[in-house]
Amino acid sequence: MARTIGARLRHLRTERGLSQVDLAGPELSASYISLIEAGKRMPSQRAVNRIAARLGCAPAEIYPAADAEAEASVDLALAEAEWCLAEGELVSALERFAEVRRLAAGAARSEQALLAAWGEARSLERLERFDEALDIYSDLFKDADLAHDKAPTRWNIVSSLCRCEIELGDADHAVDLGEKALNELRDQGAVPTAAGIAIMCELVRAYLQRGDTTRARRLTVTAIAEAEVLQDPQQLARAYRAAGQAARDAGRTNEAVGLTRQALDLLVRGNNEAVLGEALALHGTALLWADEENVQDAERDLRRAAEIYERGRRVSEAAHCHQELARCALVVGDASAAMQSTERALALLETTPVAHQAQALVLAAAALAMGGRESEAIVRCDEAVAALRKDDRDLRRLAMVWGEAAEVYATLGEITRAVDAWRCGFNLLRTSGPLSLHPPFSHRASNSVTD
């Protein structure tokens, strides 16, 4: 329908011998008129009224009432889809965005079709259907014209592409995309931007997945410096969080605690609950890994993060928090609490790929071992190993879980299984770089089990 309106407008303008500049007048711009005529922009009713006045015609000659009603229905459907996504109703959001894409394509509304595709990709990403999300993000990235008011920028899309590549285990491609985008921004002489900082934070994750903690650390220094220039507390918090993650993965846990604390101090004054949840989860994990005496503070932050994630229907993130809560319980020797946390994590992970459950299964095995249920613990650990063998993404994460499985097997006296698990983990580390392994429960607790 946008194409029909554009054709009408072009006909009326040329019929009167007006140029696009003439028609735009002082209120509008020639580029805006050009976008409408090309079918790439839908004019507001106010703009239609102004254009009609300059053409000396009725607004309905440009924008008939039936067309306006059809446009309104597409806008309403798009707003409903965005509401579903914001509320965590991911399946409904996905269905509604797909329907909006169909309606917008039928009405030749390129702007709404683009926004619906952007929403569909974000819904797929939240549902952890990363391959499908990546395909749509890639199509959006190739779109030559993203010049719509509410459309994602090229850099927003790069950040999303990097996230999906990382989740799919292709850190090399994520690094290529991110570094190329940053070079383009620098070549353009762009001042620090929120999108640029977001790309840097994703690049940090990609470098960490590759085991390159040195480059990750250097990049966080740049991200923090640019966020300080930008004077955006939310972006500065993101940069501190990325720096905390880099410090934790490099084994500098006390530094990680300090950096994530700085992120939290900034976020408590804002309203970005999703980023607050990320910082709380990382801070809680860093506290636990830095010193077992921090277990109560770690548990507090992890519970808050889990609540935020569950409200936002962020299943994998919530499950990770419950896994770390299980680790807190294991540190203090509370096998029952550890089992409750691992059961919650496994329940949340029911709809995710089976390999995502591996770490929760290992922690469940550790809790069972601590409770004296050795045969059940071996079954759980065997299930974790079977899941690990089916996954080839994020090698460093897999190596860590193999190491934890080996710790549990060793505690249970299953030395042959433990050696095999360690061997699998070390084989992965040959290609993924150094990694700080952390046993699923403290040496104090593990000694009490073996004694």
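This section reports on the structure supplied with the text. (Residues numbered from 1 in each chain as written. Predicted model: local features only at pLDDT ≥ 70, side-chain atom pairs only at ≥ 80, totals over all residues. Heavy atoms only, no water.)

1. Details of helix H8 (residues 110-126)
With 17 residues, H8 extends 24 Å between its outermost C-alpha atoms, agreeing within 8% with the 24 Å of an ideal straight helix rising 1.5 Å per residue. In terms of burial, H8 is a largely internal element, 13 of the 17 residues being buried. One or two positions beyond H8, positive phi appears at Glu-128, with a value near 65°. (Helix = DSSP H or I, 4+ residues; strand = E, 2+ residues; numbered from the N terminus. Expected span 1.5 Å × (residues − 1). Buried < 20%, exposed > 50% of the residue type's maximum accessible area, 1.4 Å probe, protein only.)

2. Notes on the nonpolar core
Counting 122 residues, the largest nonpolar core has Tyr-137 and Leu-140 as its most contacted members. Ranked by residues supplied to this core, first place goes to helix H20 (residues 358-370) with twelve residues. In this structure, Ile-5, Leu-12, Ala-24 and Ile-33 belong to the second largest nonpolar core, which totals 16 residues. (Core = buried A, V, L, I, M, F, W, Y, C linked by side-chain atoms within 4.5 Å.)

3. With respect to the packing of helix H16 (residues 273-290) against helix H18 (residues 315-331)
Between H16 and H18, whose axes approach to 11 Å, the crossing angle comes to 25°. Between H16 and H18, the angle falls in the class roughly parallel. Both H16 and H18 take part in a crossing whose hand is left-handed. Facing H16, whose interface residues are Ala-281, Thr-285, Leu-288 and Trp-289, H18 presents His-320, Cys-321, Glu-324, Arg-327, Cys-328 and Val-331. Tallied by class, residues from the contact of H16 with H18 come to six nonpolar, two polar and two charged. (Axes fitted to C-alpha atoms, helices over the stretch in contact; angles between N-to-C directions. Parallel < 35°, antiparallel > 145°, perpendicular 65-115°, else oblique. Left-handed = near helix turned anticlockwise from the far one by under 90°. Contact = heavy atoms within 4.5 Å. Nonpolar A, V, L, I, M, F, W, Y, C, P; charged D, E, K, R; others polar.)

4. Details of unusual backbone geometry
The phi angle of most residues is negative, glycine excepted, and most peptide bonds adopt the trans form. Residue Gln-231 is not a glycine yet carries a positive backbone phi of 55°. One can find Gln-231 in the loop between helix H13 (213-230) and helix H14 (233-249).

5. Describing H20
Compared with the 18 Å implied by 1.5 Å per residue over 13 residues, the 18 Å span of H20 between its first and last C-alpha is a close match. Most of H20 is tucked away, with 13 of its 13 residues classed as buried. Phi for Gly-372, located one or two positions after H20, is positive at around 80°.

6. Looking at the environment of Ser-138
When you line up the elements, Ser-138 lands in helix H9 (residues 130-142). Look at Ser-138 and you get partly exposed, because its relative accessible area is 24%. Ser-138 sits 17 residues away from Ala-121 along the chain, and the two C-alpha atoms are 9.9 Å apart.

7. Overview of the packing of H18 against H20
Contact pair H18 / H20: the axes reach a minimum separation of 10 Å and the direction vectors enclose 20°. Classed by the angle they form, the pair H18 and H20 counts as roughly parallel. Like other packed secondary-structure pairs, H18 and H20 cross with a definite hand, here left-handed. Note on element contacts: H20 touches H18 through Gln-359, Ala-360, Leu-363, Ala-366, Ala-367 and Met-370, opposite Gln-323, Arg-327 and Leu-330. Its residues assigned to classes, the contact of H18 with H20 shows six nonpolar, two polar and one charged.

8. Overview of the pattern of salt bridges
Applying the stated criterion to the full structure yields 32 salt bridges. Here Arg-205 and Glu-167 are joined by a salt bridge, their closest N and O atoms 3.1 Å apart. In this pair, Arg-205 is assigned in helix H12 (residues 194-210) and Glu-167 in helix H10 (residues 154-167), connecting sequence segments 38 residues apart. Within the structure, one salt-bridge network assembled from shared partners comprises Arg-10, Arg-13 and Glu-37. (Salt bridge = Lys/Arg side-chain N within 4 Å of Asp/Glu carboxyl O.)

9. Concerning the packing of aromatic side chains
Within this structure, the stated rule accounts for two aromatic pairs. Ring centres of Trp-118 and Tyr-137 lie 5.7 Å apart, and the angle between their planes is 65°; on these two criteria the pair is classed as edge-to-face. Linking Trp-118 in helix H8 with Tyr-137 in helix H9, this pair joins segments that are 19 residues apart in sequence. Of the two residues examined, Trp-118 and Tyr-137, each falls in the buried class. Seen in terms of ring centroids, Trp-422 and Phe-426 are 5.7 Å apart; in terms of plane orientation they differ by 25°. Their pairing is stacked. Residue Trp-422 and its partner Phe-426 are both found in helix H23 (residues 415-432); the two are separated by four residues, about one turn of the helix. Judged by relative accessible area, Trp-422 falls into the partly exposed class, the value being 27%. Here Arg-154 stacks its cationic end above the ring of Trp-155, 5.9 Å away from the centre of that ring. Just above the ring of Trp-289 sits the side chain of Arg-248; from NZ or CZ to the centre is 5.9 Å. (Phe/Tyr/Trp six-rings, centres within 6.5 Å; stacked < 30°, edge-to-face > 60°. Lys NZ or Arg CZ within 6 Å of the ring centre and 35° of its normal.)

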